[in-house]
Amino acid sequence: MHKSYVIRKGRFTAAQRKAYETSADNILIPFSENHLDYSSVFNRKNNNSEDVIMEIGFGSGSATAEIAQANPDKNYLGVEVHRPGIGRLLWETEKRSLSNVRIIEYDAAVVAQKMIAPCSLRGIHLFFPDPWPKKRHHKRRLVQRPFTDTLACCLMKGGYLYMVTDWEDYALHALEELTATAGLQNVYDNFAPHQSWRPVTRFERKGQAKDHLIRELYFIRN
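Residues numbered from 1 in each chain as written. Predicted model: local features only at pLDDT ≥ 70, side-chain atom pairs only at ≥ 80, totals over all residues. Heavy atoms only, no water.

**Q** How would you explain the overall build of the protein chain if you had to name every residue and give the values?
**A** Of the regular secondary structure elements, the protein chain holds eight helices and seven strands. Rg of the C-alpha trace for the protein chain: 17 Å, near the compact-globule value of 17 Å for 222 residues, within the 12% margin. Seen along its three principal axes, the alpha-carbon backbone of the protein chain occupies a region of about 40 × 35 × 35 Å. Evaluated residue by residue, the protein chain yields a buried proportion of 52% over its 222 residues. A separation of at least 24 residues holds for 82% of the contacts in the protein chain among residues at least 6 apart in sequence. As presented, the protein chain carries roughly 11200 Å² of accessible surface, and 49% of it is formed by carbon and sulfur atoms. (Helix = DSSP H or I, 4+ residues; strand = E, 2+ residues; numbered from the N terminus. Rg over C-alpha atoms; globule rule 2.2 N^0.38 Å. Buried < 20%, exposed > 50% of the residue type's maximum accessible area, 1.4 Å probe, protein only. Contact = heavy atoms within 4.5 Å. Areas by Shrake-Rupley, 256 points an atom, 1.4 Å probe, with all protein chains shown as cover.)

**Q** How would you sum up the sheet that holds strand β6 (residues 184-186)? Please name residues and give values.
**A** Whenever strands of a sheet pair, they do so through backbone hydrogen bonds, lying parallel or antiparallel. Taking strand neighbours across the sheet as the criterion, the seven strands line up as β3-β2-β1-β4-β5-β7-β6 in an open arrangement whose pairing is mixed. The open sheet is flanked by β3 (101-104) and β6, the only strands paired with a single partner. Each strand of the sheet is rotated relative to its neighbour by a mean of 20 degrees, with strand direction disregarded. Pairing geometry for strand β4 (residues 121-127) and strand β5 (residues 155-165), over six bridges, is parallel. What sits directly across from Phe127, in β5, is Val164. (Pairing = 2+ DSSP bridges. Axes fitted to C-alpha atoms, helices over the stretch in contact; angles between N-to-C directions.)

**Q** Can you tell me about the packing of helix α1 (residues 14-27) against helix α4 (residues 83-96), naming the residues and giving the values?
**A** The N-to-C vectors of α1 and α4 enclose an angle of 75 degrees; their axes lie 8 Å apart at closest approach. The angle between the axes of α1 and α4 places the two elements in the roughly perpendicular class. When α1 is examined against α4, the residues Ala15, Gln16, Ala19, Tyr20, Thr22, Ser23 and Ile27 are found in contact with a partner set consisting of Arg83, Pro84, Ile86, Gly87, Arg88, Leu90, Trp91, Thr93 and Glu94. When its residues are assigned to classes, the contact of α1 with α4 shows eight nonpolar, five polar and three charged. (Parallel < 35°, antiparallel > 145°, perpendicular 65-115°, else oblique. Nonpolar A, V, L, I, M, F, W, Y, C, P; charged D, E, K, R; others polar.)

**Q** Tell me what's going on with the state of the cysteines, and back it up with residues and numbers.
**A** Two cysteines joined by a covalent bond between their sulfur atoms form a disulfide. All told, the structure shown has zero disulfides when counted by the stated rule. Here Cys153 stays unpaired: no disulfide links it, and the sulfur of Cys154, its closest cysteine neighbor, is 5.9 Å away. Judged by its relative accessible area of 38%, Cys153 is partly exposed. (Disulfide = S-S within 2.5 Å.)

**Q** Break down the environment of Arg102 for me, with residues and values.
**A** When you line up the elements, Arg102 lands in strand β3. Taking the C-alpha atoms as reference points, Arg102 and Leu77, 25 residues apart in sequence, are found 5.0 Å from one another. Residues in contact with Arg102, not counting those within four places in the same chain, are Asn26, Ile27, Ile29, Val41, Phe42, Asn43, Tyr76, Leu77 and Gly78.

**Q** Give a description of the nonpolar core that names residues and reports values.
**A** Leu36, Ile56, Ile116, Leu121, Ile124, Leu126 and Leu151 are the most contacted members of the largest nonpolar core, which totals 38 residues. With five residues, helix α7 (residues 168-179) is the largest single contributor of residues to this core. Those residues in contact with Ile116, other than ones at most four positions away along the chain, are His35, Leu36, Tyr38, Met54, Leu77, Val111, Leu121 and Cys154. In this structure, Ala19, Ile27, Ala65 and Leu98 belong to the second largest nonpolar core, which totals 24 residues. (Core = buried A, V, L, I, M, F, W, Y, C linked by side-chain atoms within 4.5 Å.)

**Q** A description of the packing of aromatic side chains should follow, citing residues and the corresponding values.
**A** This model, assessed by the stated rule, comprises six aromatic pairs. Centre to centre, the rings of Phe31 and Tyr106 are 4.0 Å apart; their planes meet at 10 degrees, and the pair counts as stacked. Taken together, the positions of Phe31 in the loop between α1 and α2 (38-41) and Tyr106 in the loop between β3 and α5 (108-114) put the pair 75 residues apart, joining distant regions of the chain. Taken together, a centroid distance of 5.4 Å and an interplanar angle of 55 degrees make the contact between Tyr162 and Tyr218 tilted. Of this pair, Tyr162 sits in strand β5 while Tyr218 sits in strand β7 (residues 215-221), and the two are 56 residues apart along the sequence. Just as Tyr162 is buried, Tyr218 falls in that class too. Pairwise contacts between aromatic rings join Phe127, Tyr160, Tyr162, Trp197 and Tyr218 into one cluster. (Phe/Tyr/Trp six-rings, centres within 6.5 Å; stacked < 30°, edge-to-face > 60°.)

**Q** Mind laying out helix α8 (residues 202-209), listing which residues take part and the relevant values?
**A** With a side-chain oxygen lying 3.1 Å from the backbone nitrogen of Glu204, the N-terminal cap of α8 falls on Thr201. Downstream of α8 by a residue or two, Asp211 has a phi angle that is positive, lying close to 65 degrees. (Polar contact = N/O pair within 3.5 Å; in protein donor to acceptor, adjacent residues only side chain to side chain.)

**Q** Talk me through the side chain of Asn186; I want residue IDs and the actual numbers.
**A** Position of Asn186 among the secondary structure elements: in strand β6. Look at Asn186 and you get buried, because its relative accessible area is 18%. Of note is the side chain of Asn186, whose polar atom sits 3.0 Å from the backbone nitrogen of Tyr188. Within the structure, Asn186 has its side chain in polar contact with the backbone oxygen of Asn190 (distance 2.9 Å).

Now the structure itself:
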């Protein structure tokens, strides 16, 4: 299987490095061949430990932190390989005193197959996944079958998959692939409107500055 990511260079700031060193033991979950026990991973008294949303490729983690802070009754599992971004989200969890965020530093394609039990996720977020714009690299795009079949399997009945991209051809291809994925149903006739609870990120503003259309897709497990 082709990797759906590349390790990109990025500055690991002193604050991010410190957060990684001090918070990793409490928030980072090591990769395992076994399904996660959410009750153990999210050891919290005031929410449902089974109400878990997985975010694949959270980038800087700013949107993740905002959403997690606004929804303390839910748990957020971020999957990312970019260490500066992981450090930034760890810093955000410290700053905001968040107890409902956990992170796996590993390939999301493998995590979904090995660590996520079938029918166990309330939602999946894919905000601005790598578009792999060159045609020869399209096979590396994450949102296409058979990986979308795996993601559908991870969702509980009524669970949702929410994707956002600023690459038109990726959006059109993802719409086709998700529509053709067994068990998923489009909530809208075509692309979805902006979901008001999703923060607009710095990355998104950069796309808008380049006149890129922001396309959103919102499917549920039927």
